[in-house]
Amino acid sequence: FPSHDRPLPDFTKVVAVDPSSEAIAHLKERKIPKGVKIETHVNTAESFFNEVNNVYDWIIASHCLYWTADLEGTINSIVQRGKRAVIVMRGKKGIFEIQSKFKDLLGNKNEKLYSADDIEGCLCKLGHNFRREEHQTQIFIPDSDKIEFRWLVSFFLQTSDDNLTEDNWRALSHYFQHYHGNIRHDVNFFWI
């Protein structure tokens, strides 16, 4: 939420959609600025758009389309239902590379391994106007003998560190050596 020096206008309504009931519960625990109403839905984007026909001033789809079965249809719904929209999606450098290399270790078997190129392809195919903005960030990789390494890699693979065997950890440690302690991670914004 914006800081107190740039508050949201009174009577702002935020609709939050996430398939994770845990994520929705965390949102509900946050301090919400006065005058802002939060409506939450534990749902996928495509199911939400099938059930609700509202048009929104803004749709912000940030890193939420990785498990979408109908990517093209969901993107079309975002464009049709938002007066303005932004889709935030990873590029092919960074976490995408790791998940692609270790696809068999992913905790979420519904991961589609979409990248920003898939979003651009759908937007072009559907004939929607957009502006693509590419950014890079560096992710520090702790030494593989540190617990923080296991936590970070488990996050990348959407699993718990105890779900991985010692052979898995040896393979992961060996793989991460070629990054020399830092990963370049690409993030793309599609302004629609």
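1. Considerations on the pattern of salt bridges
- Inspection of the entire model under this criterion finds 12 salt bridges.
- Between Asp167 and Arg170 there is a salt bridge whose closest N-O contact spans 2.3 Å. In this pair, Asp167 and Arg170 are both assigned in helix α7 (residues 166-176), three residues apart and thus about one turn of the helix distant.
- A residue is classified by how much of its surface remains accessible, and Asp167, at 52% relative accessible area, is exposed.
- A single network of salt bridges, built from pairs that share partners, joins Lys92, Asp117, Glu120, Arg132 and Glu134.

2. A word on helix α6 (residues 147-156)
- When α6 is considered as a whole, its buried residues turn out to be Phe149, Leu152, Val153, Ser154 and Phe156.
- In this structure, the buried residues of α6 make contact with α4 (95-101), β5 (131-140), α7 and β6 (182-191).
- After α6 finishes, the residue Gln158 shows a positive phi value of roughly 55°.

3. Thoughts on the sheet that holds strand β4 (residues 82-90)
- The four strands lie next to each other as β3-β4-β6-β5, forming an open sheet whose pairing is mixed. At either end of the open sheet lies a strand with only one pairing partner, and these are β3 (56-62) and β5. Across the sheet, the mean angle from the axis of one strand to that of its neighbour is 15°, orientation sign disregarded.
- Against the sheet, helix α3 (residues 71-81) touches β3 and β4, its axis set at about 145° to β4.

4. So, the packing of aromatic side chains
- With the rule as written, the count across this model stands at 14 aromatic pairs.
- Arranged with centres 6.3 Å apart and planes meeting at 85°, the rings of Trp58 and Trp191 form a pair that is edge-to-face. With Trp58 in strand β3 and Trp191 in strand β6, this pair connects stretches of sequence that are 133 residues apart.
- On the basis of relative accessible area, Trp191 is assigned to the partly exposed category, the value being 30%.
- Ring pairing ties together the aromatic residues Phe102, Phe149, Phe155, Phe156, Trp169, Tyr175, Phe176 and Tyr179, which thus form one cluster.

5. As for unusual backbone geometry
- With phi around 55°, His63 is a residue other than glycine that occupies positive phi space.
- Examined against the element boundaries, His63 turns out to sit in the loop between β3 and α3.
- Positive phi outside glycine occurs at Leu113, with the angle close to 55°.
- Within the secondary structure, Leu113 is located in the loop between α4 and α5 (116-126).
- Residue class for Leu113 comes out buried when judged on its relative accessible area of 14%.

6. Side note on the pairing of strand β2 (residues 36-42)
- As paired strands, strand β1 (residues 12-18) and β2 are joined by seven bridges and run parallel to one another. Within the sheet, the bridge partner assigned to Asp18 lies in β2 and is Val42.
- Taking the sense of rotation as the criterion, the β-α-β connection linking β1, helix α1 (residues 21-29) and β2 turns out right-handed.

7. Here's the deal with the side chain of Asn43
- Mapped onto the elements of the fold, Asn43 is located in the loop between β2 and α2 (45-51).
- Exposure remark for Asn43: the relative accessible area of 15% places this residue in the buried category.
- At 3.1 Å, the side chain of Asn43 and the side chain of Glu51 are in polar contact.
- Apart from residues no more than four positions distant in its own chain, Asn43 is found in contact with Val17, Asp18, Pro19, Phe48 and Glu51.

Rules used in this analysis
- Residues numbered from 1 in each chain as written.
- Predicted model: local features only at pLDDT ≥ 70, side-chain atom pairs only at ≥ 80, totals over all residues.
- Heavy atoms only, no water.
- Salt bridge = Lys/Arg side-chain N within 4 Å of Asp/Glu carboxyl O.
- Helix = DSSP H or I, 4+ residues; strand = E, 2+ residues; numbered from the N terminus.
- Buried < 20%, exposed > 50% of the residue type's maximum accessible area, 1.4 Å probe, protein only.
- Contact = heavy atoms within 4.5 Å.
- Pairing = 2+ DSSP bridges.
- Axes fitted to C-alpha atoms, helices over the stretch in contact; angles between N-to-C directions.
- Phe/Tyr/Trp six-rings, centres within 6.5 Å; stacked < 30°, edge-to-face > 60°.
- Right-handed = clockwise from strand over helix to strand, strands pointing away.
- Polar contact = N/O pair within 3.5 Å; in protein donor to acceptor, adjacent residues only side chain to side chain.

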